[in-house]
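Descriptive analysis of the structure
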Amino acid sequence: MTDLDFLSVADLEIQALRDVLDRAAAVKKAPRAVRGRLDDMKVGLFFEKPSTRTRVSSEVAIEDLGAHPVVLKADEVGLGKREAVEDVARVLDRYLDVLAFRVFHHSDLEVLADYAAAPVINLLSDLEHPCQALADLMTIAEHRPLQDTVLAYVGDGNNVAHSLMLAGAMTGMQIRVATPEGYGPHDDFVRLARRLGSAGGGTVEALHDPAAAVKDADVVYTDVWASMGQESETATRHELFADFQVSLSLFDTAASDAIFLHCLPAHRGEEVVHAVMEHDRSRVFDQAENRMHAFKALLLYLTAL
Ligand code: CP
Ligand code: NVA
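All figures in this text were calculated on a predicted structure; none of them were measured in a lab. All residue numbers refer to position in the chain's written sequence, counted from 1. Written order decides the labels, with chains lettered from A and ligands numbered from 1. Where local features are concerned, this predicted model is filtered to residues with pLDDT of at least 70; where side-chain atom pairs are given and counted, the filter is 80 or more; whole-chain, interface and lining totals use all residues. With hydrogens and water set aside, each side-chain value is computed from the structure's full complement of heavy atoms.

Some words on the side chain of Lys49
The test is simple: Helix numbers and strand numbers start at the N terminus; a helix is a DSSP run of H or I with at least 4 residues, a strand a run of E with at least 2. Relative accessibility thresholds used throughout: buried, under 20% of the residue-type maximum; exposed, over 50%; partly exposed, between the two (1.4 Å probe, protein chains only). In this count, Lys and Arg are taken as positive residues and Asp and Glu as negative ones, while His and the chain termini are left out. The salt bridge criterion pairs a side-chain nitrogen of Lys or Arg with a carboxyl oxygen of Asp or Glu, the two atoms within 4 Å. Any two residues whose heavy atoms approach within 4.5 Å at even a single point are treated as in contact.
Residue placement: Lys49 occurs in the loop between strand E1 (42-47) and helix H2 (53-64). Here Lys49 is buried and forms no salt bridge, its nearest opposite-charge partner Asp126 lying at an N-O distance of 6.4 Å. When residues no more than four places from it in sequence are discounted, the contact partners of Lys49 are Arg102, Val103, Phe104, Leu124, Ser125, Asp126 and Met228.

Here's what the structure looks like:
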């Protein structure tokens, strides 16, 4: 067992990221080859926010690898409320081999990682969604080589955008993020992605013009305008983000073979129109499937098996 954690895409070295992506593709092709590989390991899954893809893909991946998922209910654990995060970490560390957590506060993941020897995986926080980025790159790589691929992310500069920027920059992609003013990715993530990009060959541009971002792009990506926990801002955001909808006419300005991606859940008629979700170049359900293959590859990497 390693003492690696996966709180951020940047926790992986560039070569490790490439290896995990290659492994994920291999696992998808030959799932039986890794069946039972994590025999008898116990993996804790904890969710402070709702989930469909992450919950099911990780649970199925764990079972397929021969390990046992232990699903923890946020209201029963009361992370940081019923019990200090430090104490939860040290207790769970005595029972479990891997801790995978979806939390409101990224800082809770950092405390868990500090206090638990077991690998800690970020299943989504306010800052990042690194497991999603693995599936995103895996899906893009099924379409074309990552190097020099132009990806236009249109919408909110959120957790999904942060992880995608980091992963894209590390693998030589050209990432254009177009958001309304004041809703861009955090400067720290732009700086980190650019620094990683200088080693990985990738670039990151933060823009406020969706047309400029999407023009001739190879991949068009969006996510909800109000993330989980931001529901009270929904109405305001709808007004501010109206020009950032991925419409058919916007998608048509991308490269003629461009694919559409969305981490899901999608809100048709808001950040994306139905016709783009259902477009013959929409890959959103391959992307959702790839969450499972990518999670297997990640677990194998973190447990060094
Ligand atoms: N994309 C994603 O993480 O979906 P869930 O919130 O349903 O897990
Ligand atoms: N940005 C979204 C992603 C959901 C998978 C959220 O955090 O709610």
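Some words on the packing of helix H1 (residues 14-29) against helix H13 (residues 284-302)
For clarity, the cut-off: Interaxial angles span 0 to 180 degrees and are taken between N-to-C directions of axes, which are lines fitted to C-alpha atoms, for helices over the stretch in contact. Roughly parallel means an angle under 35 degrees; roughly antiparallel, over 145; roughly perpendicular, 65 to 115; everything else is oblique. By convention the crossing between two helices is left-handed if the near helix lies anticlockwise of the far one by an angle smaller than a right angle, and right-handed if it lies clockwise.
Packing of H1 against H13 leaves a shortest axis separation of 8 Å and a crossing angle of 125 degrees. With respect to each other, H1 and H13 are oriented oblique. Two packed elements cross with a definite hand, and for H1 against H13 that hand is right-handed. Of the residues in H13, those touching H1 at Ala16, Val20, Arg23, Ala24, Val27 and Lys28 are Glu289, Asn290, His293, Ala294, Lys296, Ala297, Leu298, Leu300 and Tyr301.

Remarks on the site of ligand 1
Quick note on the threshold: Proximity is defined per residue: if any heavy atom of the residue lies within 4 Å of a molecule or strand, that residue is considered near it. Here a polar contact is taken to be a pair of N or O atoms separated by no more than 3.5 Å, where protein atoms must pair a possible hydrogen donor with a possible acceptor and residues adjacent in sequence count only if both atoms sit in side chains. Each accessible area value is a Shrake-Rupley result obtained with a 1.4 Å probe; residue values ignore everything except the protein chains displayed when judging cover. Cavity and pocket criteria rest on a 1 Å grid covering protein atoms alone: a 1.4 Å probe that fits but cannot get out defines a cavity, protein on both sides within 12 Å along at least 5 of 7 lines defines an open pocket, and an atom within 4 Å of a point defines a lining residue. A molecule is said to be in a cavity or pocket once over half of its atoms fall within 2 Å of that pocket's grid points. Here the nonpolar group is Ala, Val, Leu, Ile, Met, Phe, Trp, Tyr, Cys and Pro; Asp, Glu, Lys and Arg are the charged ones; every other residue, Gly included, is treated as polar.
Around ligand 1 sit Ser51, Thr52, Arg53, Thr54, Arg102, His129, Gln132, Cys263, Leu264 and Arg291, and those are all the residues in its vicinity. A distance of 2.9 Å separates a nitrogen atom of ligand 1 from a polar atom in the backbone of Cys263. Relative to its free-state accessible area of 250 Å², ligand 1 is covered by the protein chains to the extent of 96%. Its atoms largely coinciding with the cavity grid, ligand 1 occupies the largest pocket. Here the residues of the shell around ligand 1 sort into two nonpolar, five polar and three charged.

Some points on the site of ligand 2
Close contacts around ligand 2 come from Leu124, Asn158, Asn159, Val160, Asp223, Val224, Ser227, Met228 and Leu264, and that covers them all. Here a nitrogen atom of ligand 2 sits 3.3 Å away from a polar atom, N or O, in the side chain of Asn158. Within the side chain of Ser227, an N or O atom sits 2.7 Å from a nitrogen atom of ligand 2. Expressed as a share of its isolated accessible area of 270 Å², the protein-covered part of ligand 2 is 96%. Using a 2 Å cut-off from the grid points, one finds that ligand 2 occupies the largest pocket. Looking at the shell around ligand 2 residue by residue, the class counts come to five nonpolar, three polar and one charged.

Quick look at the environment of Pro145
Along the chain, Pro145 falls in the loop between helix H6 (130-141) and strand E5 (150-154). For the pair Pro145 and Thr171, spaced 26 residues apart in the sequence, the C-alpha separation amounts to 9.7 Å.

A look at the pairing of strand E6 (residues 174-178)
Our working rule: By the convention used here, strands pair only if DSSP detects at least 2 bridges between them. Whether a crossover is right-handed comes down to one check: with the strands pointing away from the viewer, does the path from the first strand over the helix to the second run clockwise; if it does, it is right-handed.
Most of E6 is tucked away, with four of its five residues classed as buried. Examined bridge by bridge, E5 and E6 share five bridges and lie parallel to one another. What sits directly across from Val154, in E6, is Ala178. The β-α-β motif built from E5, the intervening helix H7 (residues 159-170) and the parallel element E6 has right-handed crossover chirality. As paired elements, E6 and strand E7 (residues 203-207) share five bridges and run parallel to each other. Residue pairing across strands places Ile175 opposite Val204, the latter belonging to E7. Taken together, E6, helix H8 (residues 187-200) and E7 form a β-α-β motif whose crossover is right-handed.

Let's talk about the packing of helix H4 (residues 85-95) against helix H5 (residues 106-115)
Put simply, H4 and H5 touch, their axes get as near as 8 Å, and they point 45 degrees apart. Taken together, the axes of H4 and H5 are oblique relative to one another. Note on packing geometry: the crossing formed by H4 with H5 is right-handed. The residues of H5 that touch H4, namely those facing Val85, Glu86, Ala89, Arg90 and Asp93, are Asp108, Val111, Leu112 and Tyr115. Split by residue class, the contact of H4 with H5 holds five nonpolar, no polar and four charged.

Observations regarding unusual backbone geometry
With an omega dihedral of 5 degrees, the bond running from Leu264 to Pro265 counts as a cis peptide bond. Relative to the elements of secondary structure, Pro265 occurs in the loop between strand E9 (259-262) and helix H12 (274-277). Even without a glycine there, the phi angle at Asp40 is positive, about 75 degrees. For Asp40, the location among the structural elements is in the loop between H1 and E1. Given a relative accessible area of 46%, Asp40 falls into the partly exposed group. One non-glycine residue, Asp216, lies in the positive phi region at around 65 degrees.

Quick notes on the pattern of salt bridges
With the rule as written, the count across this model stands at ten salt bridges. Ionic pairing is found between Arg191 and Asp188, a salt bridge with its closest N-O pair at 2.9 Å. Of the two residues, Arg191 and Asp188 both sit in helix H8, three residues apart, roughly one turn of that helix. Like Asp188, Arg191 is exposed.

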